[in-house]
Amino acid sequence: MEQATPDTSVALIVGVTGMTGLSLVEGLKNPTALDRPWKVYGAARRPMPDRFPSSLLDRYLTFDALDYENTFKELSPIAHEITHVFWVAFQLQESEEVNINLNSMMLTNVLQVLRSAVPSRLRHLTLQTGTKHYMGPIFDPSLANQLVHHESPFQEDVPRLPYPNFYYALEDLVASQSSFTYSVHRSSIIMGASSRSIHNGLLTLSVYAIICRHQGLPFRYPGNRYTWEHFCDMTDSQVLAEQHVWAAVSRKAKNQAFNCTNGDFFTWKSLWKVLSEIFDVPFVDFDETEKFDIAAMIKDKGKVWDEIVGKHGLQKTKIEEVTCFDALTTVLNFEFQHVCSMNKSREFGFFGFANTLKKIPVWVERLREMKMIP
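Residues numbered from 1 in each chain as written. Predicted model: local features only at pLDDT ≥ 70, side-chain atom pairs only at ≥ 80, totals over all residues. Heavy atoms only, no water.

Overview of the pattern of salt bridges
Test applied: Take a side-chain nitrogen of Lys or Arg and a carboxyl oxygen of Asp or Glu: if they are within 4 Å of each other, that pair is a salt bridge. A run of H or I in DSSP becomes a helix once it reaches four residues, and a run of E becomes a strand once it reaches two; helices and strands are each numbered from the N terminus. To sort residues, take the accessible area from a 1.4 Å probe on protein chains only and compare it with the maximum for the residue type: under 20% means buried, over 50% means exposed, and anything in between is partly exposed.
Within this structure, the stated rule accounts for twelve salt bridges. Among the ionic pairs, K29 bridges to D58, the shortest N-O distance being 2.9 Å. You can see K29 sitting in the loop between α1 (19-28) and β2 (38-44) and its partner D58 sitting in the loop between β2 and β3 (59-62), a full 29 residues away along the chain. In this structure, the salt-bridge partner of K318 is D306, at a minimum N-O distance of 3.4 Å. Here D306 lies in helix α11 (residues 302-312) and K318 lies in the loop between α11 and α12 (319-322), a separation of twelve residues in the sequence. Judged by its relative accessible area of 30%, D306 falls in the partly exposed class. Overlapping salt bridges, with partners in common, bring together R160, E171, D172 and R186 in one network.

Following this line, the structure appears as structure tokens:
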């Protein structure tokens, strides 16, 4: 294996198989996008998935960050090389208190191994969180009905909400370190391509549209009128990866938190029209009298998805592995505009953007190339 020279930046992407992780690999290895050479290590809990661009990685590591001994065994041989950590890994359970414990333990274990290297070269860590920072633990059923969110557009300098939040715990953990700098990246709904993402809204909607087409069902909107008609934003995984790297090498961005969105807004009605065209299903306008529970409906479609997978020779996945209908239902039933301010990012010098509705078909095509959908 080629050894890193003193002037080489060496990245460790923890959570490399997710949407942002994949975009980080491609961004760091794009010779036209960066002014320095990068050696890139990727880490995940499970072996490398099919159709992952393994040639772009200098090494793929498999370890369970919840297990310190396993983390030390796999990570310590390269710990002395790492200059930058890109933390895009999550463990998500229903209880936010459990999320705090699990995610804090993962990050603590990895940092402990990296700090034990002699000498340690770690200079910067980028931490990915999200807009739950401004809304509270919306997926915790014991707390969701009590939450009072911040007014939108969400801005980075608002005070923390009085609810448990593993994003807060991770921010406090990295801010308490004195041996390296950090940056926090608060994404909106992430759009991208990956065979392993806990919450991949675009893949979830794609599966839904494909099942509707396969069975001749109406492609009905599973949210409320408010989100159908009001503004929302998204975060393209390539824009998010670009912001991670920008902050990692920008002096001005050190020890700062930044929102990261595409910089534009859409209504779910406009996005529904795009999806209807892509998947060749008739557009169905919102009808308040026909609201339905998509999560309940999709639970009966496991065999239908198996049939689609076999018919088109797709990667063998179960419907529950590639969809997140419960989380999507929460988002599509907000009673407020889910939008973030990008002013701070722009003021600090980050100008990445994407046209949300134009990028939807690009990512759908990428999912097709990965054989995730037909």
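Past the structure itself, the notes keep going.
Some details on the packing of aromatic side chains
Rules: Two rings from Phe, Tyr or Trp (for Trp, the six-membered ring) form a pair when their centres sit within 6.5 Å of each other. Planes less than 30 degrees apart are called stacked, planes more than 60 degrees apart edge-to-face, and all others tilted.
With the rule as written, the count across this model stands at 23 aromatic pairs. With a centroid separation of 5.0 Å and 45 degrees between ring planes, the pair formed by Y208 and F219 is classed as tilted. Here F219 lies in the loop between α6 (201-215) and α7 (225-229) and Y208 lies in helix α6, a separation of eleven residues in the sequence. Taking the centre distance of 5.9 Å and the plane angle of 15 degrees together, the rings of W228 and F283 count as stacked.

Focus: the nonpolar core
Applied cut-off: Throughout this description, the term nonpolar core refers to a set of buried Ala, Val, Leu, Ile, Met, Phe, Trp, Tyr and Cys residues connected via side-chain atoms within 4.5 Å. Pairs of residues are marked as contacts when any of their non-hydrogen atoms sit within 4.5 Å.
Of all hydrophobic cores here, the largest spans 60 residues; its most connected members are W268, L275 and W305. Broken down by element, this core gets its largest block of residues, nine residues, from α6. When near neighbours in sequence (up to four residues on either side) are disregarded, W268 contacts I189, L205, Y221, T227, W228, H230, C232, M234 and L332. Of all hydrophobic cores here, the second largest spans 35 residues; its members include F63, I82, L122 and L173.

Comments concerning the state of the cysteines
Counted only if it meets this: Disulfides are defined in this document as cysteine sulfur pairs within 2.5 Å.
Applying the stated criterion across every chain, the model contains zero disulfides. In this structure C212 is not part of a disulfide, and its nearest cysteine sulfur, from C324, lies 16 Å away. Assessed through its relative accessible area of 1%, C212 is described here as buried.

What about the packing of helix α9 (residues 268-278) against helix α15 (residues 356-369)?
Keep this limit in mind: Between N-to-C directions, angles span 0 to 180 degrees; the directions come from axes that are lines fitted to C-alpha atoms, helices contributing only their stretch in contact. Any angle that falls under 35 degrees is termed roughly parallel, while one over 145 is termed roughly antiparallel, one within 65 to 115 roughly perpendicular, and all others oblique. Here a crossing is taken to be left-handed if its near helix is turned anticlockwise relative to the far helix by less than a right angle, and right-handed if that turn runs clockwise. Residues are grouped as follows: Ala, Val, Leu, Ile, Met, Phe, Trp, Tyr, Cys and Pro are nonpolar; Asp, Glu, Lys and Arg are charged; all remaining types, including Gly, are polar.
Viewed as axis vectors pointing N to C, α9 and α15 meet at an angle of 40 degrees, and their least axial separation amounts to 10 Å. Looking at the two axes, α9 sits oblique to α15. In the crossing of α9 with α15, the sense of the turn from one axis to the other is right-handed. Facing α9, whose interface residues are S270, L271, V274, L275 and I278, α15 presents L357, I360, P361, V364 and R368. For the contact of α9 with α15, the class distribution of residues is eight nonpolar, one polar and one charged.

Concerning the UniProt feature "domain: PRISE-like Rossmann-fold" (unreviewed entry) in the protein chain
Just so we agree on the cut-off: UniProt positions are given in the numbering used here, feature names are shortened, and annotations may be inferred rather than shown by experiment.
UniProt feature "domain: PRISE-like Rossmann-fold" (unreviewed entry): in the numbering of this structure it lies at residues 65-374. End C-alpha to end C-alpha, residues 65-374 measures 34 Å, and it is 45% helix and 11% strand.

Topic: the environment of N333
Turning to its location among the elements, N333 is positioned in the loop between α13 (325-332) and α14 (343-348). Given a relative accessible area of 22%, N333 falls into the partly exposed group. Measuring from C-alpha to C-alpha, the distance between N333 and H199 comes to 16 Å, with 134 residues separating the pair along the chain.

Considering the pairing of strand β1 (residues 9-14)
Stated precisely, the cut-off is as follows: Two strands qualify as a pair provided that DSSP identifies no fewer than 2 bridges between them.
Counted residue by residue, β1 has six buried out of six residues, so it is predominantly covered. Judged by which residues are buried, β1 turns out to be covered on both faces: S9, A11 and I13 on one side and V10, L12 and V14 on the other are all buried. As paired elements, β1 and β2 share six bridges and run parallel to each other. Looking across to β2, one finds that V10 is bridged to K39.

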